Each structure stands twice: as C-alpha cells, then as structure tokens.
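# Observations on the three-dimensional arrangement
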2 protein chains.
Amino acid sequence: MSERAPFTATPIAVDEADLSVVAYNQDGLVPAIVQDRTTGDVLTLAWMDETALRRTLSSGKGETSGDRQWVRAAYYDCDGDALLVVVDQEGRGACHTGERSCFHRAFGGEDLSQDAG
Amino acid sequence: MSERAPFTATPIAVDEADLSVVAYNQDGLVPAIVQDRTTGDVLTLAWMDETALRRTLSSGKGETSGDRQWVRAAYYDCDGDALLVVVDQEGRGACHTGERSCFHRAFGGEDLSQDAG
C-alpha cells in the first residue's frame, strides 16, 4: 500500500471479458466489498447492479451513503459472484452512521469504532 | 494488528443480543467477508446460515473450501445484513483454486495472485 493519492478519479478500463464473468443474483445485484487502500480496513459491503458497476469502474468513483470513495482497483472472485473494490476514502467514512467502517460492532461485545482491523 | 498467534482456536462469546441483530436473506444466509488479520487482505466472501454463524463463533474456526481459518474477531454492520470475520489463515489460502485470496483477478487486466491488497 503506497502513499495516499490525492482525491482524484482514476477510471478503470471497462473490459467486456471481465464484466461477462460477473454473476448477479436473482435481483440483478452483486455484493461488492469496499476496502480502504491505505489502512486495509473493510469499510462496507455494497450491492451493485451492472449499471452501477460499469459506472463505478468508468468514473473511478464509488457511491455509498457515506462520503465519497475514489476507486483505485477492483477485483472479482473465482466464480464472479463477489467483488472487491479498493478505494481511497474521502471525508469521515463509508458508513451512514458517521463511522469510518460499517463494521464497528463486534460479536462478544467489543466495539472498535474508528479502530476496526 | 499484532503478531501472528499460533493456530489455536479462540472462541467468541455467542451473545444472543448480537445474534438477534443479524439479518438473513430470503435463503436464510448472511454474507461474511473474511479478512486476514495479519496482512489485511480480503480472502473471500462466504455465506453463513445461523447454525454456521453460531458454530463459527463458538468454535473459533472458519469453514471454507480452502485451508483452515482461525477466527480472531467478528463484526456485524449497521443493519446486521453483512458480517466481517477476521482470521488467521492457515496453510496456502482461503480459495479453492489454491490462491491465498479469492480476489486475485482485477478488472482492467491486473492479476495480483499472491499479492492482493
């Protein structure tokens, strides 16, 4: 993980061969894990339809209920039914609650808040 | 992230209040992001039913098609419909293909293989 880039868009080539591997569920959605490039923290799990995926790649920008995310890389898993989107998170966080990560509540009682991971 | 623990189980308390927040989909499953505690790499996206979730927490062991995972922490997101499970990955990897991470194929052509993240 290199130094944090400025908050500028770096579009990813929309390759039809890549996109053809993506397997959407019966609602036409695929889960996308969103990970902070710098900290490695998992920020959120988003759901994208094909239109949103194409727009996310070509624009280089993520869309969540929280602050803006600048997409730096995107991966698809073995069978294409899950995505990993690596971003530079701008502002306070990815979560609509104001937390940096949506995963701040732990089973067994631990609450990491701003310190997940 | 502290030093890698030995590959021993560290069960997590199964708290009914925590579990009651988990929202399963119409198939009775919840997506669980599996992240390597040491590297921060996202290894896979697994799906768990309530039985598997209880067993994963109480046993402290993950079940994937790849090598064994030792659960160190588990989180649920804002609305309980996604989980994050932080593990020590034993052996070669989480992916049935033999890759360490299932997310080794990138949109736009990059292939990270053993170097994801």
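All chains use their own residue numbering, which begins from 1 and follows the written sequence. Following the order in which they are written, the chains are lettered starting with A and the ligands numbered starting with 1. In keeping with the model being predicted, local features are shown solely for residues with a pLDDT of at least 70 and side-chain atom pairs are shown and tallied solely at 80 or more, while totals for entire chains, interfaces and linings include all residues.

Residues reaching a pLDDT of at least 70 in both copies supply the C-alpha atoms on which the copies are superposed by least squares. Overlay of chain A on chain B (RMSD 0.0 Å): rotation 180°, translation along the axis 0.0 Å. One copy is carried onto the other by what is essentially a two-fold rotation axis. Minimal C-alpha separation from the rotation axis in chain A is found for Gly40 of chain A, amounting to 2.7 Å. Here contacts are defined at the residue level, using C-beta atoms placed from the backbone and a cut-off of 7 Å between them. Taken as a fraction of all interface residues of chain A, those also at the interface in chain B reach 97%, which identifies the copy contact as same-surface.

All names here are of chain A. Residues are called buried when their C-beta atom has 20 or more other C-beta atoms within 10 Å, exposed when it has 12 or fewer, and partly exposed otherwise; all C-beta atoms are positioned from the backbone. Strands are runs of DSSP state E lasting at least 2 residues, helices are runs of H or I lasting at least 4, and numbering of each runs from the N terminus. Along helix α2 (residues 50-59), the residues that are buried comprise Leu53, Thr56 and Leu57. End-on, the buried residues of α2 take up no more than an arc of 95°, which puts them together on one face. As for α2, its buried residues are in contact with β2 (42-48), β3 (61-62) and β4 (69-76). Positive phi appears at Gly60, one or two residues downstream of α2, with a value of about 70°. The arc in question is traced by the directions running from the helix axis to the C-beta atoms.

All names here are of chain A. For chain A, per-residue confidence averages 86 on the pLDDT scale, and residues scoring 70 or more make up 85% of the total. Within chain A, strand β1 (residues 30-36) carries the highest mean pLDDT (96), whereas β3 carries the lowest (86). Model confidence for the complex is summarised by a pTM of 0.88, with the ipTM given as 0.87. Along the chain, pLDDT gives the predictor's confidence residue by residue, from 0 to 100.

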